[in-house]
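# Coordinate analysis (summary)
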Amino acid sequence: MEKPMKKKSIALAGNPNSGKTTLFNELTGARQHVGNYPGVTVEKKEGYLTHNGSELHIVDLPGTYSLTAYSEDEVVARDWLTESRPVGVINIVDAANLERNLYLTVQLLEMKLPICVSLNMIDAAKIRGITIDADKLSNLLGIPVVPTIARTGKGKNKLMDKVLKLSRDKRGNNAFKISYGDDLDNALMEMETIIRKADLLTENWPARWIGVKYLENDAHVIEKGDKVNLEVSEQLKAITQKVARHLDATLDTYPEALIADYRYGYISGILKQGVVQRRKDANRLQLSDKVDKIVTNRILGPLIMIAVVYGLYHFTFTYSEIPISWFERFFEILNGFVSDRSPDGLFKSLVTSGIIDGVGGVLGFVPLIMFMFFGIALLEDSGYLARVAFMLDRVFSAFGLHGSSVMAFIVSGGIAGGCAVPGVMATRTLKSRRERLATLLTVPFMNCGAKLPVMALLIGAFFAENQATMMLIITLISWGGALLTAKLLRSTVIQGPSTPFVMELPPYRLPTLKGLFIHTWERTWQYIKKAGTVILGISVLLWALMTFPQLPLSQLEIFNQQKAVVMQAASPAVTQELETEALVFSAETAMLRRKLATLDGQEAEAALRYSVAGRIGIVLEPVSQLAGFDWRTNIALVGGFAAKEVVISTLGTAYSLGNVDPEAADSLSDTLKNAPGWSPLVALSLIIFTIFYAPCFITVVCIAREAGSWKWGAFSVIFNTTLAFTLAVAVFQIGTAGGFLGG
Amino acid sequence: MSLTNMRQMKVNQSGTIVSIKVAGELGRRLRDMGLTRGVEVTVQGRAPLFDPVALRVRGFTLSLRNNEADYIEVEVSE
């Protein structure tokens, strides 16, 4: 293992969409990995680079527009810069969008960090008629400025030369200072004296910067100040209050606003000194804007969006089928191989049903996740995802969500047949915490591909005349339920004002293949590594629940005796034929086989009933009867926690049908239609329950990982099941009372 | 010249920001993205459901919700 501590650390800082990650990929190539910053769900990307014999540790900080205490990303970036004391900071700025990008530069300079500016995408700027005098900019800011084109790697060696020189000189532009006007400058001078005298936080930050943060009411810095020296901190707050009152009275503004005004004023001042030459008007419509006229048009926009979203969906679920079928085939063969070579019994059952099915379950999602991340990265990097959020925000914000939530819903099965596992992971494109959490918790209500066979079975058995209508109703119920639940969560457990939408619509760009592949691979690997182990463990646990305790010997004996009786009743010719592997049997042998299969089925039913899962099902029956479910349904629903399609195979076992193929469950469908205790009303109640109850445990693991706490994983299990049960009981009781649907 | 609320601005209309009357996170975000006093903005378009709005400011495109635009007062030429 390479030890990051011994190497010189270089940080990459910059706005989102400035080409920061592209530059990071260009610098580190495959020598990178993704983790998390301690305690938060913000991704930490780091990698290594050897330049001129120096081994460098490179950290790609989250893309931010500023360094305030409002967003997790910004706090993480700021804290890392403070605590890790990088020897150099590469500040990537978009040359075509210099004014806003320099806002962050100015803040980095105020922190007195050793900065080198990478003036990126100069090619794109040139196309837009913008040329920038890098030397002049460098002189005015007092720091090195290197023109680069991250996607081709142009300028990166010169950039690294400058960064290394910076790290050797061990200093940035220490003389950098922005004037904030007389009122604030005087306040800052007073504050600086107090801060220096008391040595308040000065080991972390420059005194003037701390003063600015007090004026800006920065919650994090003030909290730290309070902890270290409350008395001095109070003095600083008093100065802020005094100057704030004065500004309010004289200029009708407040310190925070004035500081931003002056920062932008400083930047404009620099740019006006001949740094930027424009051949075209800055606000003239560019190609990207012309595309937007069509793509976000009132009528065409939504149509194009439906096409693109459907395309993503099709891409994810259709093309991933091929590699998924390879995986499935591989695990089938492996299963068959182990089955053939090990004696019947617990060990074999553990290996085949517990471990191989578990590993297969984990890896079976891999192609899906890869395709989903690839598709979303494509939309995100090209700039289209921001437009989707823009167009749909009005709808989703009404339910306390964000325009960007839509992708997660679609992937999870908003178009019936998705999967909540990649859906939950797709919430990463959401930057606002509360909206993201509400999305995470409601996407499992969508109709994933595993719920579909269950729905198909119940609809086929009880609503055969109205199949299409029922499917539509189910889709509407899951969407309606998800959005209303989101609203409910956002006004209760995830209460709080909506995060400001204020979002950049970046110019459309062609994503780099390298970036797409690295992005896709990182996410997928994270899933395998982190979720994989947990999922395997739970898979084995569920297997144990449905296997233990085993039928007592006395009962097994009864089944064996019955089988023996059947065998003895048959003629020797028939029993001999049974041993062969003939494709077609004689009528008598076929009869014998059916009888034996029936007995096997009954034995499996008895075993399931005897297991922990079976006992849970039976114990719960008095309660579940309120929704119309008997113990068989209960066990099937417990099994559905492993994966929703398991509901079918478990129901099959519970009805003594042996192994039922979820794709061809005709026999089960017939059985349910005629079984006592079933009616269209029970089926409807079960459909409602299946839509809303606990997500499969793979999804639960992913929710816990994405939300950063197991608390939310547990919440989704308990809350969803309670909600589902309440709804199912309501449907069943109202139906029974009103005599609807045979109730 | 007249004062108006940003929500009232029409597509392709330009104006100069006179004041942004909101503190806290929203105020901070708006200012970080370059919406400060005296800056010129042009409404570039609106989402199909009329909300959010897309603005051209300082040479890039920024979108915000109508209820966020409410805090921004703009001076526009008739």
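Anyway, here's the lowdown on the structure attached to this text. For clarity, every value in this text was computed on a predicted model and none was experimentally measured. Once a new chain begins, its residue numbering starts again from 1 and follows that chain's sequence as written. Each chain is given a letter, starting from A, and each ligand a number, starting from 1, according to the order in which they appear as written. Totals for whole chains, interfaces and linings use all residues, but because this is a predicted model, local features are given only for residues with pLDDT of at least 70 and pairs of side-chain atoms are given and counted only at 80 or more.

## A look at the sheet that holds strand β3 (residues 43–51) of chain A
Residues and elements named next belong to chain A.
- Across the sheet, which stays open at both edges, the 7 strands sit in the order β2-β3-β4-β1-β5-β6-β8 with mixed pairing between neighbours. Each edge of the open sheet carries a strand with a single partner, namely β2 (32–36) and β8 (145–147). Averaged over all adjacent pairs, the angle separating strand axes in this sheet is 25°, with direction ignored.
- Pairing of strand β1 (residues 8–14) with strand β4 (residues 54–60) involves 5 bridges; the strand directions are parallel. Bridging from a neighbouring strand, Ser9 pairs with His57 of β4. At least two DSSP bridges between two strands are required for those strands to pair. What counts as a helix is a DSSP run of H or I of at least four residues, what counts as a strand is a run of E of at least two, and both are numbered from the N terminus. Axis lines are fitted to C-alpha atoms, over the contacting stretch for helices. Their N-to-C directions set the angle, which ranges from 0 to 180 degrees.

## Brief notes about the sheet that holds strand β10 (residues 503–504) of chain A
- Strand order in the open sheet made by the 7 strands is β10(A)-β5(B)-β4(B)-β3(B)-β2(B)-β6(B)-β1(B), with antiparallel pairing throughout. Two strands in the sheet have a free side with no partner beyond their single neighbour: β10 of chain A together with β1 (2–5) of chain B.
- Both β1(B) and strand β6 (residues 72–76) of chain B contribute to a ladder of 4 bridges, which runs antiparallel. The residue bridging Leu3(B) from the neighbouring strand is Glu75(B), located in β6(B).

## Here we look at the interface of chain B and chain A
- Every contact between the two is made by 33 residues of chain B and, on the other side, 34 residues of chain A.
- Contributions of two or more residues to the side of chain B that touches chain A are made by α1 (24–32), β3 (40–46), β4 (53–57) and β5 (60–64) of chain B.
- Any residue that is not Ala, Val, Leu, Ile, Met, Phe, Trp, Tyr, Cys, Pro, Asp, Glu, Lys or Arg is counted as polar, Gly included; the first ten are nonpolar and the last four charged. Of the residues in the side of chain B that touches chain A, the class split is 13 nonpolar, 9 polar and 11 charged.
- Note: β10(A) against β5(B), 2 bridges, orientation antiparallel. Across the sheet, Met503(A) pairs through a bridge with Ser63(B), a residue of β5(B). Working definition of a contact: two residues with C-beta atoms, positioned from the backbone, lying within 7 Å.

## Regarding the nonpolar core
- A set of buried residues qualifies as a nonpolar core if it consists of Ala, Val, Leu, Ile, Met, Phe, Trp, Tyr and Cys joined through C-beta atoms within 7 Å. As a rule, residues whose C-beta atom has 12 or fewer other C-beta atoms within 10 Å are exposed, those with 20 or more are buried, and those in between are partly exposed; C-beta atoms are placed from the backbone. Counting 217 residues, the largest nonpolar core has Leu12(A), Ala95(A) and Leu458(A) as the members making the most contacts within it.
- Excluding residues within four positions of it along the chain, Leu12(A) makes contact with Lys20(A), Leu23(A), Phe24(A), Ile58(A), Val59(A), Asp60(A), Leu61(A), Ile90(A) and Ile92(A).

## A short note on the pairing of β4(B)
Residues and elements named next belong to chain B.
- Of all 5 residues that make up β4, 5 are buried, and the element is covered over most of its length.
- Covered by surrounding structure in β4 are Val53, Leu55 and Val57 together with Ala54 and Arg56, the residues of both alternating faces.
- As paired strands, β3 and β4 are joined by 5 bridges and run antiparallel to one another. Counted as the bridge partner of Thr42 is Arg56 from β4.
- Counted along the chain from β3 to the antiparallel partner β4, the turn is 6 residues long, and its residue Phe50 has a positive phi close to 75°.
- Pairing geometry for β4 and β5, over 5 bridges, is antiparallel.

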